[in-house]
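Given next are the chains, with one letter for each unit.
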Amino acid sequence: LRQLANDGRIQVRMLTPTPIQSRVQASEDVANFDLRTVAGRATYTLQMGAYNREFGSDFRRAAEQATAELRRGGEEAYFFHGPNQSMVMIGTFDAGAAQYSTKGVIVYREDVQELRKKHPYNLVNGRTYRVKQSNGQFVEQPSHLVRIPNM
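Here the structure is a predicted model, which is why all the values come from computation and not from measurement.

S.K.: Before we go on, may I ask you to explain the overall build of the protein chain in this structure?
M.R.: Each helix and strand counted, the protein chain has two helices and twelve strands in total. Reading the protein chain from its N terminus to its C terminus gives the helix and strand order β-β-β-α-β-β-β-β-α-β-β-β-β-β. Going through the 151 residues of the protein chain one by one, you find that 44% of them count as buried. Taking the intrachain contacts of the protein chain between residues at least 6 apart in sequence as the baseline, contacts between residues at least 24 apart amount to 62%. As displayed, the protein chain has an accessible area near 9000 Å², and 47% of this comes from carbon and sulfur atoms.

S.K.: When you look at the packing of aromatic side chains in this model, what are you seeing that I'm missing?
M.R.: How two aromatic rings sit relative to each other is given by the distance of their centres and the angle of their planes. Under the counting rule described, the total for this entry stands at one aromatic pair. Between Tyr51 and Phe55, the aromatic rings sit 5.2 Å apart at their centres with planes inclined by 85 degrees, giving edge-to-face as the arrangement. On the basis of relative accessible area, Tyr51 is assigned to the buried category, the value being 13%. Across the ring face of Tyr78, the terminal group of Arg71 is positioned such that the distance to the ring centre comes to 4.9 Å.

S.K.: Whenever I open this one, the confidence of the model for the protein chain confuses me. Can you help?
M.R.: Detailed reading of predicted coordinates is not advised where the pLDDT is low. In the predicted model, the protein chain carries a mean pLDDT of 84, and the fraction of residues at 70 or more is 80%. Across residues 12-22, confidence stays below pLDDT 50; counting only partners more than four residues off in sequence or on other chains, it has 25 contacts.

S.K.: Mind showing me how you'd approach unusual backbone geometry here?
M.R.: Trans peptide bonds make up the majority, and among non-glycine residues the majority have a negative phi. Residues other than glycine seldom take positive phi values, yet Asn125 does so here, at roughly 55 degrees. The topology assignment puts Asn125 in the loop between β8 (123-124) and β9 (127-128).

S.K.: What is the right way to look at the pattern of salt bridges in this model?
M.R.: Two side chains carrying opposite charge are able to pair once their charged atoms lie near each other. Summed over all chains, the structure comprises eight salt bridges. Arg36 is paired through a salt bridge with Asp34; the nearest N and O atoms lie 2.7 Å apart. Residue Arg61 is joined to Glu64 by a salt bridge in which the shortest nitrogen-to-oxygen separation is 3.0 Å. Taken together, the residues span about one helical turn, with Arg61 and Glu64 both in helix α1 (residues 59-72) at a distance of three residues. Judged by relative accessible area, which is 2%, Glu64 ranks as buried. Because the salt bridges share partners, they merge into one network encompassing Asp94, Arg109 and Asp111.

S.K.: Any chance you could explain the pairing of strand β7 (residues 105-108) here in plain terms?
M.R.: Looking down a regular strand, the side chains alternate between one sheet face and the other. As paired elements, strand β6 (residues 98-100) and β7 share three bridges and run antiparallel to each other. Note on β7: the bridge partner recorded for Tyr100 is Ile106. The hairpin formed by β6 and β7 contains four residues between the paired strands, and Gly104 there has a positive phi angle of roughly 80 degrees.

S.K.: Would you explain the environment of Asp34 in this entry?
M.R.: Among the secondary structure elements, Asp34 is positioned in the loop between β2 (9-12) and β3 (44-52). Each C-alpha atom of the pair Asp34 and Val88 lies 9.6 Å from the other, and the pair is 54 residues apart in sequence. There is a polar contact of 2.7 Å between the side chain of Asp34 and the side chain of Arg36.

S.K.: Whenever I open this one, helix α2 (residues 110-118) confuses me. Can you help?
M.R.: An α-helical segment advances 3.6 residues per turn. Residues three or four places apart therefore align on the same side. Val112, Leu115 and Arg116 are the residues of α2 that are buried. Burial along α2 is one-sided: seen end-on, the buried residues are contained in an arc of 100 degrees. Facing away from the buried side of α2 by over 90 degrees, the exposed positions are Glu110, Lys117 and Lys118.

About the thresholds
In every chain, residue numbers begin from 1 and rise along the written sequence. Totals for whole chains, interfaces and linings use every residue, but because this is a predicted model, local features are given only for residues with pLDDT of at least 70 and side-chain atom pairs only at 80 or more, for both listing and counting. Side-chain metrics in this entry use all non-hydrogen atoms of the structure; hydrogen atoms and water are not considered. Starting at the N terminus, helices and strands are each numbered in turn, a helix being any DSSP run of H or I of at least four residues and a strand any DSSP run of E of at least two. Buried residues are those whose accessible area, probed at 1.4 Å on protein chains only, stays under 20% of the maximum for their type, while exposed residues exceed 50% and partly exposed ones sit between those limits. Only heavy atoms enter the contact rule, under which two residues are in contact if any of them lie within 4.5 Å. In these tables, accessible area is a Shrake-Rupley quantity obtained with a 1.4 Å probe, and a residue counts as shielded only by the protein chains included in the view. Aromatic contacts are taken between Phe, Tyr and Trp rings whose centres are within 6.5 Å, Trp giving its six-membered ring; a plane angle under 30 degrees counts as stacked, one over 60 as edge-to-face, and the others as tilted. Charges are assigned to positions over rings by a cutoff of 6 Å between ring centre and Lys NZ or Arg CZ, combined with an angular limit of 35 degrees from the ring normal. The pLDDT value tells you how sure the predictor is about a given residue, anywhere from 0 up to 100. Salt bridges are counted wherever a side-chain nitrogen of Lys or Arg sits within 4 Å of a carboxyl oxygen of Asp or Glu. By the convention used here, strands pair only if DSSP detects at least 2 bridges between them. Think of a polar contact as two N or O atoms within 3.5 Å of one another; within protein, one of them needs to be a possible hydrogen donor and the other a possible acceptor, and neighboring residues in sequence only count if both atoms come from side chains. Think of the arc as the fan of directions from the helix axis to the C-beta atoms.

Written as C-alpha cells, this is what we have:
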C-alpha cells in the first residue's frame, strides 16, 4: 500500500487485499478485548498499533496490555493476534466510514477523522513506524481503517 497525503485525505495507489486469520488464543483476563468479539457486527476498525517478533517473544501480551491500557483510558480498544504480529485497534465502524472519491482518494467520515486526530500514527512495537513514499520521502505511517474479519 502506497499512500500520499492530499488535503488531509489519503490516496491509495495500490492495494493488495490480505485475509486476516488467527488461531492464537488471548489471555483469559483480556479475552473480551479480542477483535473477534465484534466480528459480524461492524465492518472497520482503526489500526493504530502493532507488535511483532522484533519486540520479543511476549509481543502478543504487549498488544493485550496496550489494549487494556487504552480501555482504562476510555477507548473502545481491541487487539488481534496473527501468527507473527498482533495488532491494536480502536473503535468499530460501519461500511460508510470510508469512501473512495472519483480520484481514488479515501475520504474518512468525521468520526473516523476525529479518532485519527487523537491517534494519528500506526505505532509498531510502541514507536512510530516510518514508511517510504513513492516520491522517496519517509513519513510516519498513519493510523488507518482495516476491515474486521468475519470469523
